[in-house]
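# Observations on the three-dimensional arrangement
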Amino acid sequence: MRTLLLLLCVGLLVVAGFQPSAAQTSGPRYGGTLRAGMQTDPVGLDPHLTTATSSRNMMENVYDTLVFYSADGRFVPGLAESWKASQDGLVWTFNLRRNVKFHNGRPMTAEDVVYTINRIRDPRTRAPRAGDFADVESVSAPDPYTAVFKLKKPYSPLIAKLSSSVWGAIVPREVVERDGDLHTNPTGTGPFRFIGYTPQQRLVLVRNGDYWGFDETGRRLPYLDRIEFVFFPDAIARTTALRTGTVDFIEYVPSSEVRVLRADPNVEVLGGPSANFRAIYINNAVAPFNNVKVRQAMAWSVNRKEIIDTALFGVGGIDATGSVIPPGNFYALAKNVYDKPDIERAKRLLAEAGHPNGIDAELYVTSTYDFLRTPAEVIQAQMAKSGIRLRIVAADWSVYLPTVFAKRYVLTILGTSGQVDPDDYVFNNFRTGDARNYVNFSDPVFDKLAEERQTVSGEAQRKRIYDQAQLRLQEMVPMVFLFHSTTYEAVRKSVQGFEHWPNQSYYGMRRTWMVGR
């Protein structure tokens, strides 16, 4: 697959090796606690029951997936050492690693793969990503180290779905059946073990000494003894904690503080353009937004450049010049129909939709993430020029996200991140009936493209379908696409080896070590 500029990676290539002796001192150092300042609490700890980025960021080093996505844009071995597909694309065989253990000490086998995929697919689980495996007919384990997927029809995104961070995590059946889910006792095969979570205070992981992964020199991963995730909902407080040494790492450096931290000699800022999109989510089932002309009027009212320059200080995002896929990606559109505001056109569309005097609506936002909150006032002022009068209501992430997931909103500012395949951007969020379709969008033309894309594998064929699908999204406006966040982490100079993952993954913590304390 072609390496894409902004379809960026989430993974780690590991190779077998030997356990280092305690006398080794060269290279990365073992030991130490990484104190990580996080934006907010996780929204659930069961990897199959949440899509919250805050949950993923803390849990993805507790779990592993069959396939990883490497830093150079390739699908590489994870818990599966190798895989192959039948000539007709209907049977995929995965050969699993030996000597992999869950954190409860039990060896992982192919039966755990069977259980995991069936759990995600089971309607009773209500997994948000169940649709990723809707075309899987069955999963079987002919022997302890072989898992076989039989598909209903060829499905080109399968490997990408199996590499999707915690959402495809392999889990132990006995823990789920004992506890009912994995919210209270997350148990995986990853480099860190979960030991505790105190809401609004901290979540703690410790080193898994039995982890199967090694670095390129044969040293067992991870290097850190412990990670303490500490919650700082206030962005300035989080930045201050880093500068004073209260924490060693912070996520989501606020746009207003990027230049300040870059000037601090004790701090390093990492990051840049990332795999995500941010948009005004529109509940398409709620009047008057069930009328496409009203949604189009909203799109013509927005000035994306002003949002980026004013609310994001010119550094917090890049313009959504196409739709959901960031510019520079092979599958991205090069042109957004709504390239600049057209207020008169927006007023005309509202009048044609039966609202010559404009409309009033609530814009529901989170008070937790600044890049989702600060654009609200700018958007409010822009929309008012067209007669779309917005009342802003804010809520903490722990209240806000379940409300949006339940679709109890009219308009909100949200997005998704962590995409490794164009399918994750385009179809996951808009297919009729998909659990991740939080905007109640339903369009037979779009759904037909969604069906067609599953059976093609060539780049040119896939691009044709994704282009058509994105053009349809621009026409139907299920959301108003705004920008793609540029995300930053910052670390103190005592933190070594951490690498920014442009999909906002923290797999880099697997190779992070501490010096100087």
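Residues numbered from 1 in each chain as written. Predicted model: local features only at pLDDT ≥ 70, side-chain atom pairs only at ≥ 80, totals over all residues. Heavy atoms only, no water.

## Quick word on the confidence of the model for the protein chain
- When pLDDT is averaged along the protein chain, the result is 90; 94% of the residues meet or exceed 70.
- Low pLDDT (under 50) marks residues 1-25, which in the prediction has 87 contacts with non-local residues, meaning those over four places away or in another chain. (pLDDT = per-residue confidence, 0-100. Contact = heavy atoms within 4.5 Å.)

## Thoughts on the pairing of strand E6 (residues 136-143)
- One ladder, built from five bridges, connects E6 with strand E7 (residues 146-151); its direction is antiparallel. When the bridges of E7 are listed, Asp143 appears paired with Thr146. (Pairing = 2+ DSSP bridges. Helix = DSSP H or I, 4+ residues; strand = E, 2+ residues; numbered from the N terminus.)

## Digging into the pattern of salt bridges
- All chains considered together, the criterion is met by 34 salt bridges.
- Notably, a salt bridge pairs Asp132 with Lys161, separated by 3.7 Å at the nearest N-O pair. Of the two residues, Asp132 is situated in the loop between helix H2 (110-121) and E6 and Lys161 in helix H3 (residues 158-162); the sequence distance between them amounts to 29 residues.
- In this structure Asp132 comes out as buried when scored by relative accessible area, which is 2%. (Salt bridge = Lys/Arg side-chain N within 4 Å of Asp/Glu carboxyl O. Buried < 20%, exposed > 50% of the residue type's maximum accessible area, 1.4 Å probe, protein only.)

## Quick word on the packing of aromatic side chains
- Within the structure shown, the criterion is met by 28 aromatic pairs.
- For the pair Phe427 and Tyr466, a centre-to-centre distance of 5.5 Å together with 45° between the ring planes defines the contact as tilted. Highlighted residues: Phe427 in the loop between helix H13 (422-426) and helix H14 (444-453) and Tyr466 in helix H15 (residues 459-476), separated in sequence by 39 residues.
- Its relative accessible area of 0% is what places Phe427 among the buried residues.
- Ring geometry for Phe430 against Phe441: centres 6.3 Å apart, planes inclined by 85°, an arrangement best described as edge-to-face. With Phe430 in the loop between H13 and H14 and Phe441 in the loop between H13 and H14, this pair connects stretches of sequence that are 11 residues apart. Comparing Phe430 with Phe441 shows no difference in burial state: the two are buried.
- Ring-pair connections join several aromatic residues into one group, and the members of that group are Phe277, Phe330, Tyr331, Phe427, Phe430, Phe441, Phe446, Tyr466 and Phe481.
- Between Lys463 and the ring centre of Phe330, over which it is positioned, the NZ or CZ distance is 5.6 Å. (Phe/Tyr/Trp six-rings, centres within 6.5 Å; stacked < 30°, edge-to-face > 60°. Lys NZ or Arg CZ within 6 Å of the ring centre and 35° of its normal.)

## Side note on the packing of H14 against H15
- Contact geometry of H14 with H15 gives a least axis separation of 10 Å together with a crossing angle of 160°. Taken together, the axes of H14 and H15 are roughly antiparallel relative to one another. For the pair H14 and H15, the crossing hand works out as left-handed. For the pair H14 and H15, the contacting residues are Val445, Phe446, Leu449, Glu452 and Arg453 in the first and Arg464, Ile465, Tyr466, Gln468, Ala469, Arg472 and Leu473 in the second.
- Split by residue class, the contact of H14 with H15 holds seven nonpolar, one polar and four charged. (Axes fitted to C-alpha atoms, helices over the stretch in contact; angles between N-to-C directions. Parallel < 35°, antiparallel > 145°, perpendicular 65-115°, else oblique. Left-handed = near helix turned anticlockwise from the far one by under 90°. Nonpolar A, V, L, I, M, F, W, Y, C, P; charged D, E, K, R; others polar.)

## Describing the layout of surface pockets
- Here the second largest pocket defines a volume of roughly 330 Å³.
- Forming the walls of the second largest pocket are 21 residues, and the residues nearest its centre are Gly131, Ala134, Arg431, Gly433 and Asp434.
- Those elements giving two or more residues to the lining of the second largest pocket turn out to be H2 and H14.
- Among the elements that line the lining of the second largest pocket, the one with the most residues is H14, at three residues.
- Here the residues of the lining of the second largest pocket sort into nine nonpolar, four polar and eight charged. (1 Å grid on protein atoms, 1.4 Å probe; cavity = no way out; pocket = protein on both sides within 12 Å on 5 of 7 lines; lining within 4 Å. Points joined across faces, edges and corners; volume = space filled by probe spheres on them.)

## Some words on the sheet that holds E6
- Reading across the sheet, the four strands line up as E4-E5-E7-E6 and stay open at both edges, with antiparallel pairing between neighbours. Each edge of the sheet is formed by a strand with only one pairing partner; in this case those strands are strand E4 (80-85) and E6. Taking each pair of neighbouring strands and ignoring which way they run, the sheet shows an average axis angle of 20°.
- Note that E4 and strand E5 (residues 91-96) share five bridges and pair antiparallel. Each residue of the ladder has a partner; that of Lys84, found in E5, is Thr93.
- Here H2 sits on the sheet and contacts E5, E6 and E7; the angle it forms with E6, its principal contact strand, is near 165°.

## Looking at the packing of helix H8 (residues 304-311) against helix H11 (residues 375-384)
- Remark: H8 packs on H11, axes separated minimally by 9 Å, with the N-to-C direction vectors making an angle of 145°. Like other packed secondary-structure pairs, H8 and H11 cross with a definite hand, here right-handed. Facing H8, whose interface residues are Glu306, Ile307, Thr310 and Ala311, H11 presents Pro375, Val378, Ile379 and Gln382.
- Considered class by class, the residues forming the contact of H8 with H11 number five nonpolar, two polar and one charged.

## Quick look at the pairing of strand E8 (residues 192-198)
- As judged from the six bridges shared by E8 and strand E9 (residues 202-207), these two strands associate in the antiparallel manner. When the sheet's bridge partners are listed, Thr198 is paired in E9 with Arg202.

## Things to note about helix H5 (residues 235-244)
- Taken together, the buried positions of H5 are Ala235, Arg238, Thr239, Ala241 and Leu242. Relative to the axis of H5, the buried residues are bounded by an arc of 155° and lie together on one face.
- Residues of H5 that are buried in the fold lie against strand E1 (33-38), strand E11 (249-250), helix H6 (258-262), strand E12 (267-273) and strand E18 (479-492). (Arc of directions from axis to C-beta.)

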